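# Topology and contacts: notes
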Amino acid sequence: MSNLVAPLFEPLQLGSLRLNNRIVMAPMTRNFSPGGVPGEDVAGYYSRRALGETGLIITEGVGVDHPSALGEAGIGESDLPHLYGEAALAGWRRVVEQVHAVGGRIFPQLWHQGVMRLQGTGPNPHIPSSRPSGIWGPPAGLTSSPADYVAAQLVPTTAMSEEDIADVIAGYARSAAHAKALGFDGIAIHGAHGYLIDTFLWCVTNARTDAWGGDRKARSRFAVEVVKAIRTAVGPELPILFRFSQWKQQDFKARLAATPEELQDVLLPIAEAGVDVFDASVRYFNRAEFADIKGSDGELNLAGWAKKVTGCMSMTVGGVGLENGMYDSNKQGGAHSSNNFQLLMARYERGEFDLVGVGRSLLQDPNWASKARQGQVFEPFSNESLSVLT
Ligand SMILES: Cc1cc2nc3c(=O)[nH]c(=O)nc-3n(C[C@H](O)[C@H](O)[C@H](O)COP(=O)(O)O)c2cc1C
C-alpha cells in the first residue's frame with residue numbers, strides 16, 4: 001500500500017505556501033472550546049495530527065466575528081470556538097505555534113451558521129439568526145436533525161437586510177485578518193452543508209428578488225463578496241480554500257447543480273473572486289457526480305468537476321480509508337476500515353483532485369498520514385473518537 005499512495009506524499013505548492021504532502025485533515029467540529037476559547041488541549045490535539053505527517057490541517061468550524069455566527073444548530077453544540085476577542089485569539093495563536101513547531105500547516109475554517117442556528121441560542125441569544133429569506137429549509141427534507149429542532153426552525157423569520165448582509169461580510173473579513181495576524185497559513189471558508197453561505201446559493205432558502213437572489217450566478221453573489229472581502233483582508237498571497245456541497249443538513253437530497261454547466265454557474269464567479277482550492281464535500285469520494293454524462297468525464301466525482309469547471313485546484317473527501325460515509329457510520333455505530341486506496345489513487349492519477357481530505361480516520365488515529373506513507377496498520381475507527389479530544 002505504501003507504494004500505492006506514495007504520489008500523495010509529493011509536496012504541493014499552493015501560491016506561496018508549500019505543503020509537504022497532499023493529505024489534509026478535514027474540518028471537524030469538536031465542542032472543546034469553553035467560552036469560544038481553544039485551550040492547551042485543542043493545541044495538543046491539532047499538533048499531534050501535524051506531528052503524524054498530516055500535510056495540512058483545516059480546523060473545526062470557527063465562528064466569525066458576527067453576533068449570530070454561532071448557537072445551537074441541532075448537533076449538540078456547546079463549546080464552539082470563535083475567531084475574535086483577546087482570549088480566543090491568544091488560544092488560536094498557541095494552536096498555530098504548536099502546529100508550526102512540528103512542521104505542520106493550518107487554516108481556520110471560517111463559519112457562520114446562518115439559518116441553522118436556533119433562534120435565541122449561542123453567546124448572543126437576543127440577536128436574530130441570519131437568514132437570506134427567513135426560510136430554514138423545505139418542510140419535508142431528508143434530515144437527521146431532531147424533530148423538535150426542525151419544527152422550531154420551520155417557523156419563518158425576517159429576511160436579512162442590506163445592512164445585515166454588509167455586517168456579516170465585514171465580520172468574515174475581520175476574522176480573516178485576525179487569522180493572518182496569528183500566523184495561520186491560509187483561510188478555509190465553510191460554504192457548505194446548509195449554513196449561511198450555502199443558503200444564499202440554494203434556491204430553496206434564497207427567494208430574494210434583489211441583487212442577492214435570482215439565478216445561480218446571482219445567488220453566488222454573497223459567496224463572491226465574502227471571498228473578495230477576505231482576499232482584501234489577507235492580501236494576494238494567502239491561499240483560500242472554499243468548501244461547498246450539493247447536500248444540505250436541511251435536505252440530504254438537495255442539489256445546487258444538476259449538470260456541469262449549472263455547477264460552473266455556481267462556482268466560476270466564486271473562483272474568480274479569489275479562491276485557490278475548492279473542497280467538494282461528499283460522503284463517498286468514489287461516486288460519479290453527473291451519472292448521465294458520457295465518456296471518461298462521466299466518471300468524475302464532485303471535486304473532479306469543480307476543478308474542471310473552474311480551473312482551480314480541488315480537494316476530495318468522504319470515506320477515504322473507511323467503508324461507511326459519515327451519516328451511515330453514525331447510524332451504524334461505527335465504520336469498518338476499507339482499503340479503497342486503489343480507487344482513490346486511480347482518480348488522483350487521472351488528475352481529478354490535488355488534495356485528499358481525511359476526517360474521521362484522523363480523529364481515531366493522529367498518525368494516520370505517516371502510517372499511510374509507511375503502509376502500516378491504522379487504528380480501527382469507532383464512534384467513541386467523535387466525542388473525545390485525543
Ligand atoms: C465529528 C465531525 C464534525 C464535523 N464538523 C465539520 C465542520 O465543522 N465543518 C465542516 O465543513 N465539516 C464538518 N464535518 C465533515 C467532515 O469535514 C468530512 O467532510 C466528513 O467527515 C467526511 O470525511 P470522512 O469520511 O473522512 O470522515 C464533520 C465531520 C465529523 C465526523
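The text that follows walks through the structure, step by step, so that each part is easy to find.

### A few points about the pairing of strand E9 (residues 313–316)
Side chains on a regular strand alternate between the two faces of the sheet. Bridge count between strand E8 (residues 277–280) and E9: 3 bridges; the pairing is parallel. Each bridged residue has a counterpart across the sheet, and for phenylalanine 278 the counterpart in E9 is serine 314. Regarding topology, helix H10 (residues 302–310) serves as the crossover connection from E8 to the parallel E9, and that connection is right-handed. Taken together, the 2 bridges between E9 and strand E10 (residues 355–358) define a ladder with parallel strand orientation. When the sheet's bridge partners are listed, methionine 315 is paired in E10 with leucine 355.

### Digging into the nonpolar core
If you look at soluble globular proteins, the nonpolar side chains tend to sit buried side by side. Ranked by internal contacts, the top residues of the largest apolar core, which has 100 residues, are Tyr46, Ile187, Phe222, Ile230, Phe242 and Phe278. With near-sequence residues (within four places) excluded, tyrosine 46 lies in contact with Met25, Ile57, Thr59, Glu60, Trp92, Val95, Val99 and Ile106. The next biggest cluster of nonpolar side chains, apart from the first, holds 13 residues, and it includes Ile58, Leu241, Met315 and Leu355.

### Structural notes on the packing of helix H5 (residues 162–182) against helix H8 (residues 221–234)
It is at 8 Å that the axes of H5 and H8 come closest, and there the two elements cross at 35°. Crossing handedness for the pair H5 and H8: right-handed. For the pair H5 and H8, contact is made by Ile165, Val168, Ile169, Tyr172, Ala173, Ala176, Ala177 and Lys180 and by Phe222, Glu225, Val226, Ala229, Ile230, Ala233 and Val234, respectively. Taken together, the residues of the contact of H5 with H8 break down into 13 nonpolar, no polar and 2 charged.

### Here we look at the site of the ligand
Lining the immediate environment of the ligand, one finds 16 residues, of which Pro27, Thr29, Gly319, Gly359 and Arg360 sit closest. In the model, an oxygen atom of the ligand is placed 3.3 Å from a nitrogen or oxygen of the glycine 61 main chain. A distance of 2.7 Å separates an oxygen atom of the ligand from a polar backbone atom of glycine 319. In terms of residue class, the shell around the ligand is made up of 6 nonpolar, 8 polar and 2 charged.

### What to know about the pattern of salt bridges
It is possible for side chains of opposite charge to pair when their charged atoms get near one another. All told, the structure shown has 16 salt bridges when counted by the stated rule. Its salt-bridge partner being glutamate 53, residue arginine 373 comes within 2.7 Å of it at the nearest N-O pair. Of this pair, arginine 373 sits in helix H14 (residues 368–374) while glutamate 53 is found in the loop between helix H2 (40–51) and strand E4 (56–63), placing the two residues 320 residues apart along the sequence. Residues joined by salt bridges that share partners form a network here, namely Arg347, Arg350 and Glu352.

### What about the environment of alanine 280?
Examined against the element boundaries, alanine 280 turns out to sit in strand E8. Its relative accessible area of 2% is what places alanine 280 among the buried residues. Along the backbone, alanine 280 and alanine 192 are 88 residues apart, and their C-alpha atoms lie at a distance of 8.8 Å. Residues in contact with alanine 280, not counting those within four places in the same chain, are Phe244, Leu302, Ala303, Met315 and Val317.

### With respect to helix H3 (residues 86–101)
Here H3 is 16 residues long and its end C-alpha atoms lie 22 Å apart, about the 22 Å a rise of 1.5 Å per residue gives. Along H3, the residues classified as buried are Ala88, Leu89, Gly91, Trp92, Val95, Val96 and Val99. Within H3, the buried residues cover an arc of 160° as seen down the axis, which keeps them to one side. The outward face of H3, more than 90 degrees from its buried face, is lined by the exposed residues Glu86 and Ala101. Those residues of H3 hidden inside the fold are in contact with H2, E4, strand E5 (106–111) and H5. Looking one or two residues past H3, glycine 103 carries a phi angle of roughly 85°, positive in sign.

### Some thoughts on H2
Here H2 spans 16 Å end to end across 12 residues, near enough to the 16 Å set by a 1.5 Å rise per residue. Every buried residue belonging to H2 is among Val42, Ala43, Gly44, Tyr45, Tyr46, Ser47, Arg49 and Ala50, and all of these are buried. Looking at the buried positions of H2, the neighbouring elements they touch are strand E3 (23–25), E4, H3, E5 and helix H13 (360–364). The first or second residue beyond H2 is glutamate 53, which carries a positive phi of 75°.

### Some words on the environment of tryptophan 92
Among the secondary structure elements, tryptophan 92 is positioned in helix H3. By relative accessible area, which is 0% here, tryptophan 92 ends up buried. C-alpha separation for the pair tryptophan 92 and histidine 178, spaced 86 residues apart in sequence, amounts to 9.8 Å. Setting aside anything within four residues of it in sequence, one finds tryptophan 92 in contact with Pro38, Tyr46, Thr59, Glu60, Val62, Pro81, His82, Leu83, Leu182 and Phe184.

### A short note on the packing of helix H9 (residues 260–272) against H10
The contact between H9 and H10 brings their axes to 9 Å, and the two run at 65°. By the angle between their axes, H9 is roughly perpendicular relative to H10. Judged by the twist between their axes, the crossing of H9 over H10 is right-handed. Contacts between H9 and H10 involve Pro260, Leu263, Gln264, Leu267, Leu268 and Ala271 from the first element and Leu302, Trp305, Ala306, Val309 and Thr310 from the second. Taken together, the residues of the contact of H9 with H10 break down into 9 nonpolar, 2 polar and no charged.

### Looking at the sheet that holds E10
Read around the closed barrel, the 8 strands follow the order E3-E4-E5-E6-E7-E8-E9-E10; overall the barrel is parallel. Strand-to-strand, the axes of this sheet are offset by a mean angle of 25°, without reference to chain direction. Across 2 bridges, the pairing between E5 and strand E6 (residues 187–190) is parallel. If you follow leucine 110 over to E6, its bridge partner there is isoleucine 189.

Thresholds applied
- Residues numbered from 1 in each chain as written.
- Predicted model: local features only at pLDDT ≥ 70, side-chain atom pairs only at ≥ 80, totals over all residues.
- Heavy atoms only, no water.
- Pairing = 2+ DSSP bridges.
- Helix = DSSP H or I, 4+ residues; strand = E, 2+ residues; numbered from the N terminus.
- Right-handed = clockwise from strand over helix to strand, strands pointing away.
- Core = buried A, V, L, I, M, F, W, Y, C linked by side-chain atoms within 4.5 Å.
- Buried < 20%, exposed > 50% of the residue type's maximum accessible area, 1.4 Å probe, protein only.
- Contact = heavy atoms within 4.5 Å.
- Axes fitted to C-alpha atoms, helices over the stretch in contact; angles between N-to-C directions.
- Left-handed = near helix turned anticlockwise from the far one by under 90°.
- Nonpolar A, V, L, I, M, F, W, Y, C, P; charged D, E, K, R; others polar.
- Near = heavy atom within 4 Å.
- Polar contact = N/O pair within 3.5 Å; in protein donor to acceptor, adjacent residues only side chain to side chain.
- Salt bridge = Lys/Arg side-chain N within 4 Å of Asp/Glu carboxyl O.
- Expected span 1.5 Å × (residues − 1).
- Arc of directions from axis to C-beta.
- Parallel < 35°, antiparallel > 145°, perpendicular 65-115°, else oblique.

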